[in-house]
Amino acid sequence: MSTASKGLEGIVAAETVLSFIDGEKGILEYNGIAINDLAKHSSFEEVAFLMLNKRLPKKPEFEAFITDLRGSYGLSDHTLSLIKSMPTTAQPMHMLRTMVSALAMEDPEPNSIDIPEVRVKAVRILAKAPTIVAAFDRLRRGLDIVSPDPSLSFAANFLYMLNAERPTHTMERAFDACMILHADHGLNASTFTCRVITSTLSDIYSAITGAIGALRGPLHGGANEGVMHMLNEIDSPEEAEQFVMNKLAARDRIMGFGHRVYKSYDPRATYLKTLAEQLATDTGNADLYAKSSAIEKTMAREVASKGIYPNVDFYSATTYHSIGLKLDLFTPMFALSRISGWAGHALEQLDGNRLIRPSADYVGPHNTQYLPIEQR
Ligand SMILES: CC(C)(COP(=O)(O)OP(=O)(O)OC[C@H]1O[C@@H](n2cnc3c(N)ncnc32)[C@H](O)[C@@H]1OP(=O)(O)O)[C@@H](O)C(=O)NCCC(=O)NCCS
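Remember, predicted model here, so these are calculated numbers, not experimental data.

## Digging into the overall build of the protein chain
Reasoning step 1: Scanning the protein chain from N- to C-terminus turns up 16 helices and three strands.
Reasoning step 2: The C-alpha atoms of the protein chain give 21 Å as radius of gyration, which agrees with the globular expectation for 376 residues (21 Å, within 12%).
Reasoning step 3: Along the three orthogonal principal directions, the C-alpha set of the protein chain runs to about 70 × 60 × 45 Å.
Reasoning step 4: The long-range fraction of contacts in the protein chain, counting pairs at least 24 apart against all pairs at least 6 apart in sequence, stands at 78%.

So this is what it looks like as C-alpha cells:
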C-alpha cells in the first residue's frame, strides 16, 4: 500500500517568511502584512523589495532599489537580436522562458550562489522580463520596439513599452495592484520548482526558467488564459448559467475556480473582482464582467459547498482584458510579478540549503527476468 501523498497535499517542504496563507479563513499576508493593505497602499516595487529582503524598505533603501531596478530595464544588443530571431508565432510564455534562460549567457558569473550576488541577478531578471515581453509583443505586431523609460515605475514602464504611450494613472495603479497580488503564494507548484532547482545549487536563471515552465500549465498560472477562452465562448451573460451547468455535468473544470489551499474566497480574487468591475465598466467591457459574475453566481449555487470559489485567475482575466492586454500575455503577466516571489524563495532556499530530494514508493514488480528484445 503506497504512502505517497498525491500532489504532495499536506506535506510541509520548506519554511518561508514571505507569504502566509490561511485557506479556511481566506487570508493572505506577505511577511505579515495583509494583501489587501498592500494592494491598496503599497507598490509592486516595494513588494519586490520585500520579497528579496524579507521586509519593507526604509526610504533611502527604497530609492536605491528603484534606481537599480529601473536602471536595469534595458536589454543588450545580443538579447534584442535573440528576441528578433524568435518566430513571431511563438507563444509568449515559451519565448519568455527561453529568454530568461538566455540572460544567463551574458552574465560573466551566472553560477554564483553567493546570496548578495544572487539578489543582484534577481533584480536584473525582474527588470528585464517586462522589456523582453513588450519587445516581443511589438515585433509580432509588426511594430517598432519601444525602449524602456527608467523614469517610470515597473507597471507604468511595461504598459508604456507595450503601447508606446504612457498609461493613465488609473491603468498604472490597476496593473500595479495586479502585480502586487501575484507576487508570492506559498509553496505553489512553480515556487516549489524554483526551490528544487535552487536546492541543487544550480543558478538563479535555471531556477526561474524552470519556474516559468511550471507556471505555464493550465492548472497553475495558465488558468487565467483558460478563463478568457471560456468567457469568449459564452455569447452573453444570460448564457453563462447553462454553459456552467453543461461543463459541470460533463465533469469539466471551470477555469479560475478551486484551489489546493483556499477552501473559501481567495482574498486576491476579492480585490480583483472590485478592480475588474470598475475597469470593465470604464473601458466598455461591462458585458465581460457580467458574464464573469453570472458564472460565479452559478458556481456558488452548485459547488461552493465543496469549497470551490473563484481564485486569483478568475477576475484577473477581465482585469487584464480591460487593461488592453492580449489573451496570450495573461500568463506572462503572472510571471513578470512572480519572478519576485520565486527569487525571494531561491534566496531563502540558499540560506541554509539542503538538497530537496523526496522519495517515491516503488509499486512495480520485483525479480523480473530480463528478456532479450526478440522474446518480448
Ligand atoms: C486548482 C486545482 C488544480 C486544485 O486542485 P486539487 O486541490 O487537486 O483539487 P481536486 O482536483 O482534487 O478537486 C477536488 C474536487 O473539486 C472539483 N473541482 C476542483 N476545481 C474545480 C473547478 N475549477 N471546476 C469544477 N470542479 C472543480 C473536482 O472535480 C473534485 O471533485 P470530486 O471530488 O467530485 O471529484 C483545481 O481546483 C482546478 O483544476 N481548478 C481549475 C484551474 C485553475 O483555476 N487553476 C488556478 C489555480 S490558482
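## Concerning the site of the ligand
Reasoning step 1: Close to the ligand lie 17 residues, the nearest being Ala223, Arg253, Phe257, Gly258 and Arg260.
Reasoning step 2: Looking at the shell around the ligand residue by residue, the classes come out as eight nonpolar, five polar and four charged.

## Side note on the sheet that holds strand S2 (residues 27–30)
Reasoning step 1: Overall, antiparallel pairing links the three strands, which are arranged S1-S2-S3 in an open sheet. Of all strands in the sheet, those bounded by a partner on one side alone are strand S1 (19–22) and strand S3 (33–34).
Reasoning step 2: Pairing of S2 with S3, which is carried by two bridges, proceeds in the antiparallel orientation. Within the sheet, the bridge partner assigned to Tyr30 lies in S3 and is Ile33.

## Focus: helix H14 (residues 286–303)
Reasoning step 1: Under the 1.5 Å per step criterion, the end-to-end length of H14 is 25 Å for 18 residues, consistent within 8% with the ideal 26 Å.
Reasoning step 2: The elements touched by buried residues of H14 are helix H11 (223–233), helix H12 (237–249), helix H13 (267–282) and helix H15 (312–323).

## Here we look at the domain arrangement of the protein chain
Reasoning step 1: As far as domains go, the protein chain holds domain 1 (15–219 + 336–350) and domain 2 (223–323).
Reasoning step 2: Taking only C-alpha atoms, the centre of domain 1 and the centre of domain 2 are 26 Å apart.
Reasoning step 3: In this complex, domain 1 contributes 20 residues to the contact, which on the side of domain 2 involves 18 residues.
Reasoning step 4: Among the secondary structure elements, those contributing two or more residues to the side of domain 1 that touches domain 2 are S2, helix H1 (35–41) and helix H8 (169–181).
Reasoning step 5: Classifying every residue of the side of domain 1 that touches domain 2 gives 13 nonpolar, five polar and two charged.

## Topic: the environment of Leu248
Reasoning step 1: By the element assignment, Leu248 lies in helix H12.
Reasoning step 2: A residue is classified by how many C-beta atoms lie within 10 Å of it, and Leu248, with 15 of them, is partly exposed.
Reasoning step 3: Taking C-alpha positions, Leu248 is 47 Å from Gln369, a pair spaced 121 residues apart along the chain.

The rules behind the values
Residues numbered from 1 in each chain as written. Predicted model: local features only at pLDDT ≥ 70, side-chain atom pairs only at ≥ 80, totals over all residues. Helix = DSSP H or I, 4+ residues; strand = E, 2+ residues; numbered from the N terminus. Rg over C-alpha atoms; globule rule 2.2 N^0.38 Å. Contact = placed C-beta atoms within 7 Å. Near = placed C-beta within 6 Å. Nonpolar A, V, L, I, M, F, W, Y, C, P; charged D, E, K, R; others polar. Pairing = 2+ DSSP bridges. Expected span 1.5 Å × (residues − 1). Domains from an automatic or database assignment. Buried ≥ 20, exposed ≤ 12 C-beta atoms within 10 Å, placed from the backbone.

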